[in-house]
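Secondary and tertiary structure notes
So the chains spell out like this:
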Amino acid sequence: MKTIRLAHLYPKLLNIYGDSGNILTLKKRCEWRNIEIVVDEINIGSPISEHDIYFIGGGQDLQQIEVSKELYKHKNFLEQERDKGAVFLGICGGYQLLGHYYQPHIGEKLKGISLLDAYTIGGNKRFIGNVTVKTELGTLVGFENHSGQTYLQGETKPLGKVVIGNGNNGKDKTEGARYKNVFGTYLHGSFLPKNKNFADYILELALGEKLEPLDDKIENITHQSLINKAY
Ligand code: GLN
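So, here is what we can say about the structure in this document. As the structure is a prediction and not an experimental result, all values here were calculated from the model.

What to know about the sheet that holds strand S12 (residues 182–185)
Strand order in the open sheet made by the six strands is S2-S1-S3-S4-S12-S11, with mixed pairing throughout. Looking along the sheet, the strands with just one partner apiece sit at the ends: strand S2 (36–42) and strand S11 (177–179). Strand-to-strand, the axes of this sheet are offset by a mean angle of 15 degrees, without reference to chain direction. In this sheet, strand S4 (residues 87–91) lies alongside strand S3 (residues 53–56) in parallel orientation, the contact comprising four bridges. Looking across to S4, one finds that Tyr54 is bridged to Phe88. Against the sheet, helix H1 (residues 20–31) engages strand S1 (3–9), S2, S3 and S4, with an angle of about 160 degrees to S2. Along the sheet, helix H6 (residues 196–207) contacts S1, S3, S4, S11 and S12; its crossing angle with S4, the most-contacted strand, is approximately 150 degrees.

Below is the structure:
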């Protein structure tokens, strides 16, 4: 039996809008295929060992301050993991910390770990609402709530083009980011239960092989109904 090792980074601090639903989806989609998945929760002070997937959720600026300091201690190790091909998925506040920095509208700049060539600056308006994004994996759908505006540079590319909502910064119509196997997105709600194509894609990257399809009738109906509601 194959095993995937997943590290859930700082779930006690970064976990809003049901971000733990992302972990549940990865677990279930592995179990349904007879793939073993081990989830390790990494909290403040925990060491981090090698994993196939690293997940970091969203949160408020206050929680991000503590996580930013802790995460920075593991920057070199996580950079090595990225360069070995490990998969990272950051949602909203977690996404912001995968870039170079997050400068809140008020308060001090928080260091990121630069796994993505991106930076985030807090604006004076919040982007709140449903989002749909056209990507190579089809339309992604989710809910955004952030004041941070993220800008991508260099080899870091967006996940897709915003159709509804604001995405990375409300200006350039981009949403999310990818560099190597590091992914970031502003989509909450939870992201992966709403977008099973993306869940399977990151599992395939972690395993290094194609997955057998599942009976996704319910997932497909749900996905489509959420897209319809976003309009
Ligand atoms: N604090 C960040 C912002 O508002 C992230 C919010 C979130 O994770 N939902 O930009």
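Regarding the pattern of salt bridges
Scanning the entire structure with this criterion turns up 15 salt bridges. Residue Asp215 pairs with Lys217 through a salt bridge whose shortest N-O separation is 4.0 Å. The exposure class of Lys217 is exposed, given its relative accessible area of 58%. Taken together, the shared-partner salt bridges in this structure form one network comprising Arg29, Arg33, Lys196, Asp200 and Asp216.

Side note on the layout of surface pockets
Counted as a void, the largest pocket has a volume near 240 Å³. Looking at the largest pocket, it is lined by 13 residues, and the ones nearest its centre are Glu136, Pro158, Leu159, Arg178 and Phe183. Class assignment of the residues belonging to the lining of the largest pocket gives a composition of eight nonpolar, one polar and four charged.

Remarks on the nonpolar core
In this structure, Ile4, Leu9, Leu89 and Phe198 are the most contacted members of the largest nonpolar core, which totals 53 residues. In terms of residue count, H6 provides more of this core than any other element does, six residues in total. Once residues within four sequence positions are removed from consideration, Ile4 is found in contact with Cys30, Ile35, Glu36, Ile37, Val38, Asp52, Ile53, Leu203, Ala206 and Leu207.

Some words on the site of the ligand
Lining the immediate environment of the ligand, one finds 16 residues, of which Asp61, Gln64, Cys92, Gly93 and Gly148 sit closest. Within the side chain of Arg126, one N or O atom sits 2.9 Å away from an oxygen atom of the ligand. The contact in question runs from an oxygen atom of the ligand to an N or O atom on the backbone of Ser147, over 3.0 Å. When the ligand sits alone it has 300 Å² of accessible area, and the protein chains cover 99% of it. Of all the secondary-structure elements, those providing two or more residues to the shell around the ligand are helix H2 (61–73), helix H4 (93–98) and strand S8 (138–152). Counting residues per element, the shell around the ligand draws most heavily on S8, which supplies four residues. Residues of the shell around the ligand, tallied by class, amount to three nonpolar, eleven polar and two charged.

As for the environment of Lys2
With respect to the element layout, Lys2 can be found in the segment before S1. On the basis of relative accessible area, Lys2 is assigned to the partly exposed category, the value being 40%. The spacing of Lys2 and Asn34 is 32 residues in sequence and 8.2 Å in space, taken between C-alpha atoms. Those residues in contact with Lys2 that sit more than four places away from it in its chain are Ile35, Glu36, Leu207 and Glu209. Reaching out from Lys2, the side chain makes a polar contact with the side chain of Glu209 at a distance of 2.8 Å.

What counts, and where the lines are drawn
Residues numbered from 1 in each chain as written. Predicted model: local features only at pLDDT ≥ 70, side-chain atom pairs only at ≥ 80, totals over all residues. Heavy atoms only, no water. Pairing = 2+ DSSP bridges. Helix = DSSP H or I, 4+ residues; strand = E, 2+ residues; numbered from the N terminus. Axes fitted to C-alpha atoms, helices over the stretch in contact; angles between N-to-C directions. Contact = heavy atoms within 4.5 Å. Salt bridge = Lys/Arg side-chain N within 4 Å of Asp/Glu carboxyl O. Buried < 20%, exposed > 50% of the residue type's maximum accessible area, 1.4 Å probe, protein only. 1 Å grid on protein atoms, 1.4 Å probe; cavity = no way out; pocket = protein on both sides within 12 Å on 5 of 7 lines; lining within 4 Å. Points joined across faces, edges and corners; volume = space filled by probe spheres on them. Nonpolar A, V, L, I, M, F, W, Y, C, P; charged D, E, K, R; others polar. Core = buried A, V, L, I, M, F, W, Y, C linked by side-chain atoms within 4.5 Å. Near = heavy atom within 4 Å. Polar contact = N/O pair within 3.5 Å; in protein donor to acceptor, adjacent residues only side chain to side chain. Areas by Shrake-Rupley, 256 points an atom, 1.4 Å probe, with all protein chains shown as cover.

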